[in-house]
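Here is what each chain is made of, one letter per residue.
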Amino acid sequence: LVAQLRPKEVVAVDLATRRTLWRRDLPKAPPGGIDGIEAATIHSTSKGPRTLVLVTGTSLATYDLATGRPLWARPNTYVEQGALPIIGNTLWVSGDAGSEGRNLRTGRIEWTNPAASSTDYATVFAGSFVGLGHGKVFALSSRNGKTLWSHEVGPHGTSGGNQYGAALRGRLFVRGISKGMALDAAGKPLWQQPAETMIGQPLWADGNAFVTYDGGRFVRYVPGTEAPLPTSPEARRQEAARLVARFEKLDAAGIKRLQALGTDAFAPMFAEFLRTTRSYDADKDGESYRIYSKYHDLAQTMDRIVDEEHVPELVAALKKAKPDGSEKPFLMGWLGKVGKPDEIVPLFLKELETKTPGFEMYESNTFAARSYIIRSDHPLAVRFMIDKLRDPAADPVMRKEAYWRLAGTGGEAGLRAVLAQRHRRETLKPLAERMDLGYVGKSNRDETITKLVAERTDPKSGRTWSLLRCGILGSSGDLWLAEKVGDAYRNPSFTGVTLDGISRWNKTGLPEPKFAGKTAKELAAGAWFTVLVGNDALTKDADGDGLTDFIEARLGTDPAKADTDGDGDRDEIDPWPNVAAQPKTEAERVLAAAFEARYWGEEYPGVAIMSEKFAPFEMPGRTGPVLFENDHRDFAGTLSRHYEQGVAMLGISDPGEKADARDAIVWNADRSEATVRISTYYGGLNGTGYKAVVCKFGDDWIVVAMDMEFVS
Ligand SMILES: [Ca+2]
Ligand SMILES: [Ca+2]
Ligand SMILES: [Ca+2]
């Protein structure tokens, strides 16, 4: 007979005949509670009647297994343990308030024990209830609930974590937060170990030894104590060599032992590390994954051993390494930690100079060298970074890092180099120029913002028209019409409709826009040519500011006013079309400096929304227009309908988001240094947050550090 649990009911089935014997609704969820089934225990002894015990979220209920008759229930109780141990007719229920023994058939409380609470593991062992939790392993008498024995296996009151137990062949094996142990039937500890040396649920026991599975290998633990570490350097080196020789077989205790040998373990470990990386690079034996894991594990173990005295060996190995040798990132990482700038800056620069521009900042082979050099105030490193910053053809990531840090690391020369590269407020290029039309249809530019959808020549006039997709107004599916003359696309006009439809996140409740009764999909499917070509609505620009009425409806600018914010720049070329003022308070100047640095060197011609709570002002730095969405109000336009379709969402907040940082800035005591977080999301979800540190130099605020806080 089996009981099958369904989302809302329990069904008892005769396994032999597959006949349904009974079905019952599960206990109701309390208001607002989530009722998942946590445990089901079938009490099945040869003597008494059989009982089904169910824990569903916050209720405990019992049923007669033969008939389905509900016996008793205990609603609104959080029962922690997954298993519900039963001895005779006594069910052990433990929760935060301690333990209870209940009669399985009637629910009557037979005993309580307030001291035995919240078990992470519970079972029946040697005729008693045994639990693990709140830092203890303990046994309770099933007759009166008295604590029979108890041992500390973790800090008092702790629970959860990687704790488990197993009763196997007359032994109890448990692993608490800080200790693991084996106990006999009387609860006497047979041996104990630090918890971190005992990995994996015990599966099989043989006397006082047991076997576990440790993600890829079986491990057999036998009682005994490790020999103490030798004291003479020679013996310690021999011990290290012995451990390194069987490195792949070491468990956590072995790794710990190796690390405890400290600098005496360096020579054999380093030799094995180099040998393994070279074998990986040669890949002779076709076991690359195993070898890869091995040298990474070796490197991780060495991280705690490497110190200053090993610098000469690390330097020698780096000089000998092949250009793309797998050991290099580790060597440079260790050198960056323990080397002196005079020793390692020239070495790291040599590594970086051999790289061609355009390489990835986070490419692992030189990551350690680059992270070091960009933060170093060593004169050679500063010189290198200033050269990068001044050279427009240099690697863009290194240029940006130079811009972000040289004011802090480079002294007077670094500061001057940064100031010389600073963005001033500039008007935008006309919209059609920002659309990258020269690249449309060119197969070598996949990522261009405008793409070709369809093209057709009118047989009467001989003119050719193109349907384009362009994300510059915030939705990558936006349809545009342009005339094709020779190779060039002329007079691109926005249709007001997008192939991406309405965003899932649409807050405006407006219906999907149509053009002359057609959706974007219907237009692209063929209707576009007859509906769009020659239609004056496409090109109508009531205020003559360069943005058609369709575009102004999308952006939320005023279609009847060429200069919506009245700052002298017409809407098409205004970098902040709905904000007139420049930064003027100290806080605004800090935010403007952080903003300008964050987007320095980034070319993105599309629309962005700045969503903030402070009063709006213009901050230079982006190559596309930024619309201010003050106080999270919806736009007059329809931009926010396209949340995940390409519109960039910018945000300024204080790092750590302290509620009291009203201006989004965390200031130092004398307000000469300020920290602020700038986040950017493209297409709704794909985003980053950077923490900018801005310092005051004379009367100017300039960024001295910019570090990624999160990637979404
Ligand atoms: Ca206009
Ligand atoms: Ca303006
Ligand atoms: Ca403006």
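To be clear, the structure that these remarks concern was listed above.
All values reported here derive from a predicted model rather than from experimental measurement.

**Overview of the coordination of the calcium ion (ligand 2)**
Protein coordination at the calcium ion (ligand 2): the donors are Asp563 (OD), Asp565 (OD), Asp567 (OD), Asp569 (O) and Asp574 (OD), at 2.2 to 2.3 Å from the metal. As a motif over one chain, the donors of the calcium ion (ligand 2) read D-x1-D-x1-D-x1-D-x4-D. Here the calcium ion (ligand 2) and the calcium ion (ligand 3) are spaced 4.1 Å apart, and both take Asp565 as a donor. Exposure remark for Asp569: the relative accessible area of 15% places this residue in the buried category.

**As for the nonpolar core**
As a rule of thumb, nonpolar side chains are buried together in soluble globular proteins. Core analysis: the largest hydrophobic core is formed by 96 residues, its most contacted members being Leu258, Phe270, Phe273, Trp334 and Ile373. Looking at which element gives the most residues to this core, the answer is helix H15 (residues 586–598), with 8 residues. Setting aside residues up to four positions removed in sequence, Phe270 forms contacts with Met302, Glu313, Leu314, Ala317, Leu331 and Trp334. Counting residues in hydrophobic clusters, the runner-up holds 22 residues, among them Leu431, Leu473, Tyr489 and Ile551.

**Focus: the coordination of the calcium ion (ligand 3)**
Under ideal tetrahedral coordination, the four donors around a metal are separated by 109.5 degrees; under ideal octahedral coordination, the six donors are separated by 90 or 180 degrees. Only Asp565 (OD), Asp567 (OD), Asp574 (OD), Asp574 (OD), Trp576 (O), Val579 (O) and Glu618 (OE) from the protein reach the calcium ion (ligand 3) as donors, at distances of 2.3 to 2.6 Å. Along the chain, the residues donating to the calcium ion (ligand 3) fall in the pattern D-x1-D-x6-D-x1-W-x2-V-x38-E.

**Structural notes on the sheet that holds strand S19 (residues 189–194)**
Strand order across the open sheet formed by 4 strands is S16-S17-S18-S19, with antiparallel pairing between neighbours. Across the chains shown, the open sheet's two edge strands, defined by having one partner strand only, are strand S16 (164–168) and S19. Put simply, the sheet's adjacent strands are angled 10 degrees from each other on average, direction ignored.

**Some thoughts on the sheet that holds strand S12 (residues 121–125)**
As summarised here, the arrangement of the 4 strands in space is S12-S13-S14-S15, forming an open sheet in which the pairing is antiparallel. Looking at the sheet topology across the chains shown, the edges are occupied by S12 and strand S15 (147–152). Strand after strand, the sheet turns through a mean of 15 degrees between neighbouring axes, direction not considered.

**Details of helix H4 (residues 288–302)**
When the terminal C-alpha atoms of H4 are compared, their 21 Å separation across 15 residues agrees well with the 21 Å that a helix rising 1.5 Å per residue should span. The complete set of buried residues in H4 reads Ile291, Lys294, Tyr295, Leu298, Ala299, Thr301 and Met302. Taken around the axis of H4, the buried residues stretch over an arc of 165 degrees, which confines them to a single face. Away from its buried face, by an angle of more than 90 degrees, H4 presents the exposed residues Tyr289 and Gln300. In the core, the buried residues of H4 are packed alongside helix H2 (252–260), helix H3 (266–282) and helix H6 (328–338).

**Topic: the packing of H3 against helix H5 (residues 311–320)**
In helix packing, the relevant descriptors are the interaxial angle and the interaxial distance, both defined with respect to the helix axes. Two elements in contact, H3 and H5, have axes separated by 12 Å at closest approach and are oriented at 10 degrees. The angle between the axes of H3 and H5 places the two elements in the roughly parallel class. Crossing handedness for the pair H3 and H5: right-handed. Taking contact as the criterion, the partners of Phe266, Phe270 and Leu274 in H3 are, on H5, Glu313, Leu314 and Ala317. Of the residues assigned to the contact of H3 with H5, the class counts are 5 nonpolar, no polar and 1 charged.

**Considerations on the pairing of strand S17 (residues 171–175)**
Most of S17 sits out of view: 4 of its 5 residues are buried. Both S16 and S17 contribute to a ladder of 5 bridges, which runs antiparallel. Each bridged residue has a counterpart across the sheet, and for Gly165 the counterpart in S17 is Val174. Following S16, the chain reverses through 2 residues before pairing antiparallel with S17; Arg169 in that reversal takes a positive phi of roughly 50 degrees. For S17 and strand S18 (residues 179–183), the ladder comprises 4 bridges, and the chain directions are antiparallel. Residue pairing across strands places Phe173 opposite Ala182, the latter belonging to S18.

Analysis parameters
Residues numbered from 1 in each chain as written. Chains lettered and ligands numbered in written order. Predicted model: local features only at pLDDT ≥ 70, side-chain atom pairs only at ≥ 80, totals over all residues. Heavy atoms only, no water. Donors = N, O, S within 2.8 Å, 3.2 Å for Na, K, Ca; no water. Buried < 20%, exposed > 50% of the residue type's maximum accessible area, 1.4 Å probe, protein only. Core = buried A, V, L, I, M, F, W, Y, C linked by side-chain atoms within 4.5 Å. Helix = DSSP H or I, 4+ residues; strand = E, 2+ residues; numbered from the N terminus. Contact = heavy atoms within 4.5 Å. Pairing = 2+ DSSP bridges. Axes fitted to C-alpha atoms, helices over the stretch in contact; angles between N-to-C directions. Expected span 1.5 Å × (residues − 1). Arc of directions from axis to C-beta. Parallel < 35°, antiparallel > 145°, perpendicular 65-115°, else oblique. Left-handed = near helix turned anticlockwise from the far one by under 90°. Nonpolar A, V, L, I, M, F, W, Y, C, P; charged D, E, K, R; others polar.

None of the figures reported here should be taken as evidence of function without further support.
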